[in-house]
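Here is how the chains run, residue by residue.
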Amino acid sequence: MTDTWASGRVALITGATSGFGEAMARRLLAAGAHVIATGRRAERLTALAAELASDRLLTRVLDVRDPSSIDALMADLPAPFDAIDILYNNAGLALGLNKAQEASLDDWQTMIDTNVTGLVRMTRAVLPGMVARNRGDVINLSSVAASYPYPGGNVYGATKAFVRQFSLNLRSDLLGTKVRVTSIEPGMADTEFSVVRFKGDQASADKVYAGVHAMSADDVALVCESVLKLPAHINVNTLELMPVQQAFGPFAVDRG
Ligand code: NDP
Ligand code: 8X3
């Protein structure tokens, strides 16, 4: 079955080997879009291609931290995959939950290289084509961490604040075109996010979601799909979502 909002459109998804990106690849493909699913783990991409078995799915190994990897991807897209309509800028990660004074500088650099520089480079690579065709959707994965500080969120939250502001600034530059940009800002979602943050420590990751009906990857993909389905004259600038069982705490005060 194909949906009119998706059929004939080409989506490039970064980070399609798990979580939100993989769920979005499944939804877009089911709706009739052509999908370029990317990520670093080739074996995951091979498994996805085998399972979904569609000539509308193209898989490519991509490390968004590596400019030559992005250049190689963009230079080698066969028609019709070379006319990208939807950029799902999702590849990203948190590393560690240590206080800033104890955090790893290498972890900070990896988060900046992936969540900020990688996303910016992907956008710069895809945007000229969208503007030339005068159509397109850029969906950038930010986070509630962009707006709400929490202990140990230091650089991760800052990268997501960058994504949010970059998205809004893109809207300014794209005024006069039909290209839409949305910053999606989810709270707690049960994906591989926490296993990555805790560097493979599954027990620590499980504690994050214990007793909580967290959002699933497909919940977030459903929300993103609803944004894409909106009439072409409507732009959702930012969209924040959380599980009902997550909310805000009071300001912290040191009375020491
Ligand atoms: P996952 O860990 O499940 O997925 C992350 C994806 O990013 C993987 O497919 C991974 O693929 C890819 N990725 C990581 N680094 C790179 C890289 N250098 N180059 C290319 N791909 C890369 O996490 P989520 O699905 O939860 O996260 C997706 C996005 O959503 C992230 O940006 C995250 O910060 C954000 N987010 C997550 C929330 C959550 O609670 N889960 C909430 C709010 C935002 P591979 O390792 O194969 O390269
Ligand atoms: C992921 C959500 O709250 O762990 O961006 O930062 S959170």
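Residues numbered from 1 in each chain as written. Chains lettered and ligands numbered in written order. Predicted model: local features only at pLDDT ≥ 70, side-chain atom pairs only at ≥ 80, totals over all residues. Heavy atoms only, no water.

Draft legend 1. View of the overall build of the protein. When its secondary structure is counted, the protein shows 8 helices and 7 strands. Its C-alpha atoms give the protein a radius of gyration of 18 Å, within 12% of the compact-globule value 18 Å for 256 residues. On the principal axes, the C-alpha backbone points of the protein span a range of 65 × 40 × 35 Å. A burial count over the protein gives 46% of its 256 residues as buried. (Helix = DSSP H or I, 4+ residues; strand = E, 2+ residues; numbered from the N terminus. Rg over C-alpha atoms; globule rule 2.2 N^0.38 Å. Buried < 20%, exposed > 50% of the residue type's maximum accessible area, 1.4 Å probe, protein only.)

Draft legend 2. Focus on the nonpolar core. Of all hydrophobic cores here, the largest spans 33 residues; its most connected members are Ile 13, Met 24, Leu 28, Val 35, Tyr 88, Ile 139 and Val 220. Of all elements in the fold, only strand S1 (10-13), helix H1 (19-31), strand S2 (34-39), helix H2 (42-52), strand S4 (86-89), strand S5 (136-141) and helix H8 (217-229) reach the threshold of two or more residues within this core. Residue contributions to this core peak at 7 residues, all from H1. Formed by 25 residues, the second largest nonpolar core is a distinct cluster that contains Leu 73, Ile 84, Leu 170 and Val 179. (Core = buried A, V, L, I, M, F, W, Y, C linked by side-chain atoms within 4.5 Å.)

Draft legend 3. Just the site of ligand 2, in detail. Every residue lining ligand 2 is accounted for by Ser 143, Val 144, Ala 145, Tyr 150, Tyr 156, Phe 193 and Arg 197. Between an oxygen atom of ligand 2 and a side-chain N or O atom of Tyr 150, the distance comes to 2.6 Å. One nitrogen or oxygen atom from the side chain of Tyr 156 is found 2.6 Å from an oxygen atom belonging to ligand 2. Expressed as a share of its isolated accessible area of 240 Å², the protein-covered part of ligand 2 is 81%. (Near = heavy atom within 4 Å. Polar contact = N/O pair within 3.5 Å; in protein donor to acceptor, adjacent residues only side chain to side chain. Areas by Shrake-Rupley, 256 points an atom, 1.4 Å probe, with all protein chains shown as cover.)

Draft legend 4. How the structure looks around the sheet that holds S4. Judged by pairing direction, the sheet is parallel, and its 7 strands sit side by side in the order S3-S2-S1-S4-S5-S6-S7 without closing on themselves. Edge positions in the sheet fall to strand S3 (57-61) and strand S7 (238-241), since each has one partner strand and no second. For this sheet the average axis-to-axis angle between neighbouring strands, irrespective of direction, equals 15°. Of the strands in this sheet, S1, S4, S5 and strand S6 (179-186) touch helix H4 (residues 105-133), which is tilted by about 170° from S4. (Pairing = 2+ DSSP bridges. Axes fitted to C-alpha atoms, helices over the stretch in contact; angles between N-to-C directions. Contact = heavy atoms within 4.5 Å.)

Draft legend 5. View of the environment of Arg 9. Position of Arg 9 among the secondary structure elements: in the segment before S1. A relative accessible area of 15% means that Arg 9 is categorised as buried. Engagement of the side chain of Arg 9 in a polar contact is seen with the side chain of Asp 137, the distance being 2.8 Å.

Draft legend 6. Up close: the packing of H1 against H2. Put simply, H1 and H2 touch, their axes get as near as 12 Å, and they point 25° apart. Regarding the angle of H1 to H2, the classification is roughly parallel. Note that H1 runs across H2; the crossing there is right-handed. Of H2, the residues touching H1 (which contributes Glu 22, Arg 26 and Leu 29) are Leu 48, Glu 51 and Leu 52. Grouping the constituent residues of the contact of H1 with H2 by class yields 3 nonpolar, no polar and 3 charged. (Parallel < 35°, antiparallel > 145°, perpendicular 65-115°, else oblique. Left-handed = near helix turned anticlockwise from the far one by under 90°. Nonpolar A, V, L, I, M, F, W, Y, C, P; charged D, E, K, R; others polar.)

Draft legend 7. View of unusual backbone geometry. With omega at 5°, the peptide bond leading from Ala 79 into Pro 80 counts as cis. Counting through the fold element by element, Pro 80 comes out in the loop between helix H3 (67-75) and S4. A positive phi is found at Ala 53, a non-glycine position, where the angle reads about 35°. Tracing the sequence through the fold places Ala 53 in the loop between H2 and S3. A positive phi is found at Asn 134, a non-glycine position, where the angle reads about 55°. Here Asn 134 shows up in the loop between H4 and S5.

Draft legend 8. View of the site of ligand 1. Residues in close proximity to ligand 1 total 30 residues, the closest being Thr 17, Ser 18, Arg 40, Tyr 156 and Thr 191. Compared with its free state, where it exposes 880 Å², ligand 1 has 96% of that area covered by protein. Secondary structure elements with two or more residues in the shell around ligand 1: H1, helix H5 (154-174) and helix H6 (193-197). Per-class residue counts for the shell around ligand 1 are 12 nonpolar, 12 polar and 6 charged.

Draft legend 9. The packing of aromatic side chains, seen in detail. One pass over the full model with this rule turns up 3 aromatic pairs. Seen from their ring centres, Tyr 148 and Phe 248 are 4.8 Å apart, and the 45° between their planes marks the pair as tilted. Residue Tyr 148 is found in the loop between S5 and H5, and its partner Phe 248 is found in the segment after S7; the two are separated by 100 residues along the sequence. Classification of Phe 248 as exposed rests on a relative accessible area of 55%. Above the face of the Tyr 156 ring, Arg 197 is positioned so that its terminal group lies 5.3 Å from the ring centre. (Phe/Tyr/Trp six-rings, centres within 6.5 Å; stacked < 30°, edge-to-face > 60°. Lys NZ or Arg CZ within 6 Å of the ring centre and 35° of its normal.)

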